[in-house]
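Observations on chain architecture
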Amino acid sequence: MSNLFMRKTTFLVSNREITDPLTIKFSVPFGDNEKVDTIDIQVYNLKDETINSISINQAVILSAGYIDDNGVIFSGSLKKKETKWEGLDKITTFKCIDCSLDYSNGVVKRTYGRNTHASLILRELARDAGLAIGDIDLPVDFVYRSGKVLNGKIKFQIAEIAKDCKAKQYVNKNRLYVRDQAKGNNIGLDISKETGLIDDPEEVEEEVKEVKAEKKVEKKSERKNGKTDKKSEEKKSISKPAKKKLKGYKIKMLLNHKVTTDVIIKLTSRNVSGLFRVSKGEHKGDTSGTEYYTECEVVPL
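Residues numbered from 1 in each chain as written. Predicted model: local features only at pLDDT ≥ 70, side-chain atom pairs only at ≥ 80, totals over all residues. Heavy atoms only, no water.

1. Quick notes on the overall build of the protein
From N to C terminus, the protein includes four helices and 22 strands. Taking all 301 residues of the protein together, the buried fraction comes to 45%. Partitioning the contacts of the protein with sequence separation of at least 6, the portion at a separation of at least 24 is 68%. Of the accessible surface of the protein, which amounts to about 16000 Å², a share of 46% is contributed by carbon and sulfur atoms. (Helix = DSSP H or I, 4+ residues; strand = E, 2+ residues; numbered from the N terminus. Buried < 20%, exposed > 50% of the residue type's maximum accessible area, 1.4 Å probe, protein only. Contact = heavy atoms within 4.5 Å. Areas by Shrake-Rupley, 256 points an atom, 1.4 Å probe, with all protein chains shown as cover.)

As structure tokens, this is what we get:
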């Protein structure tokens, strides 16, 4: 395809834009789980002046695609940089995380009063973490009848609340998503041989976690000053996440920046066709080589 000769890759960090003719290699994983993804972006033969001007803890944006169709495939923070020589090439590796450092390392200590909704807490935690809100659409907007005490890392607090709400939770391009396991984003994306599909889809089985939270209300009676005071106490028990196997497909295509976590695609191939949700995948690229594609796993809607 002619697009193979019209690639466009741009790496923006510390207000420095790095692009052709420098060689850029990258591997960008994505998925609908709470894990913080770490990616490596390698740039060949950068000037020392440029390397020294780039500070860690800065925002990073990586865009990829083609001259007439490219976009952001990664947005996060620079955690580390290192330079080494391989033969005549000087290779600088930028190690990045797909979220803000406040989300990864930040700690929160806060107390909420009775009857506080989980959605309120999640929005405030997203603000604390420096994350934009991609989507907070909870299967159950859990109500903390007795209040809620937060004390620990922000990412762990968000994960705990997501489980209370029977929701999946992940960060993608510096945006927080907490929503139903099966929900996706329908952007009208067609994947076929004509739009870059490589080979036929390969059938796979994917394990999906099902978090079931149950709440139990108990009535207690206490004696105070000779009187009986009845009060309600809410108890919450979270069962161990159950796992079920779901049949899906692994597909490979020319790099497509629109493909990411939870995107709904219309897949058309010789052996399978229909609507699917992207559960996880990876963008891989080498601006001076042949590697420039997107691989992902999809599950039926």
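2. Notes on helix α3 (residues 118-129)
If you check α3, its first and last C-alpha atoms are 16 Å apart, about what twelve residues at 1.5 Å a residue would give, namely 16 Å. Directly after α3, the chain includes G130, whose backbone phi takes a positive value near 70 degrees. (Expected span 1.5 Å × (residues − 1).)

3. Comments concerning the side chain of S100
Summarising the element assignment, S100 is placed in the loop between β7 (89-97) and α2 (101-105). Setting aside residues no more than four positions away along its own chain, S100 makes contact with S77, A129, G130, L131 and N174.

4. So, empty space enclosed by the protein
What the rule picks out here adds up to two cavities of 30 Å³ or more. Considered as a void within the structure, the largest cavity measures approximately 70 Å³ in volume. The wall of the largest cavity is formed by 13 residues, among which P29, F30, D98, N172 and K173 lie closest to the centre. Contributions of two or more residues to the lining of the largest cavity are made by β3 (24-31), β6 (69-86) and β13 (168-172). When residues in the lining of the largest cavity are grouped by element, the largest group, four residues, is from β3. Each residue belonging to the lining of the largest cavity can be placed in one class, and the counts come to six nonpolar, four polar and three charged. Volume-wise, the second largest cavity comes out at about 30 Å³. What lines the second largest cavity is N33, E34, K35, V36, D98, Y103, Q169, Y170 and V171. (1 Å grid on protein atoms, 1.4 Å probe; cavity = no way out; pocket = protein on both sides within 12 Å on 5 of 7 lines; lining within 4 Å. Points joined across faces, edges and corners; volume = space filled by probe spheres on them. Nonpolar A, V, L, I, M, F, W, Y, C, P; charged D, E, K, R; others polar.)

5. Brief notes about the environment of K183
Within the secondary structure, K183 sits in the loop between β14 (175-179) and β15 (185-191). Taking relative accessible area as the criterion, K183 reaches 29% and is therefore assigned partly exposed. As for K183 and D262, which are separated by 79 residues in sequence, their C-alpha atoms are 7.1 Å apart. Not counting the four nearest positions on each side in its chain, K183 is found in contact with D135, D137, K168, D262 and R277.

6. Brief notes about the nonpolar core
Within soluble globular proteins, side chains that are nonpolar generally end up buried alongside one another. The biggest cluster of nonpolar side chains holds 27 residues, and the ones touching the most others in it are Y103, L125, L138 and I161. Taken together, the elements giving at least two residues each to this core come down to β8 (107-112), α3, α4 (154-164) and β14. For this core, the leading source of residues is α3, giving six residues. Sequence-distant contacts of L138, defined by excluding residues within four places in its chain, comprise A118, S119, L122, C165, A167 and V178. (Core = buried A, V, L, I, M, F, W, Y, C linked by side-chain atoms within 4.5 Å.)

7. Brief notes about the environment of N185
The topology assignment puts N185 in strand β15. Given a relative accessible area of 25%, N185 falls into the partly exposed group. Spatially, the C-alpha atoms of N185 and D262 are 5.9 Å apart, while their sequence positions differ by 77 residues. Not counting chain neighbours up to four residues away, the residues in contact with N185 comprise R179, T261, D262, V263 and I264.

Purely spatial values, then, with no claim about function.
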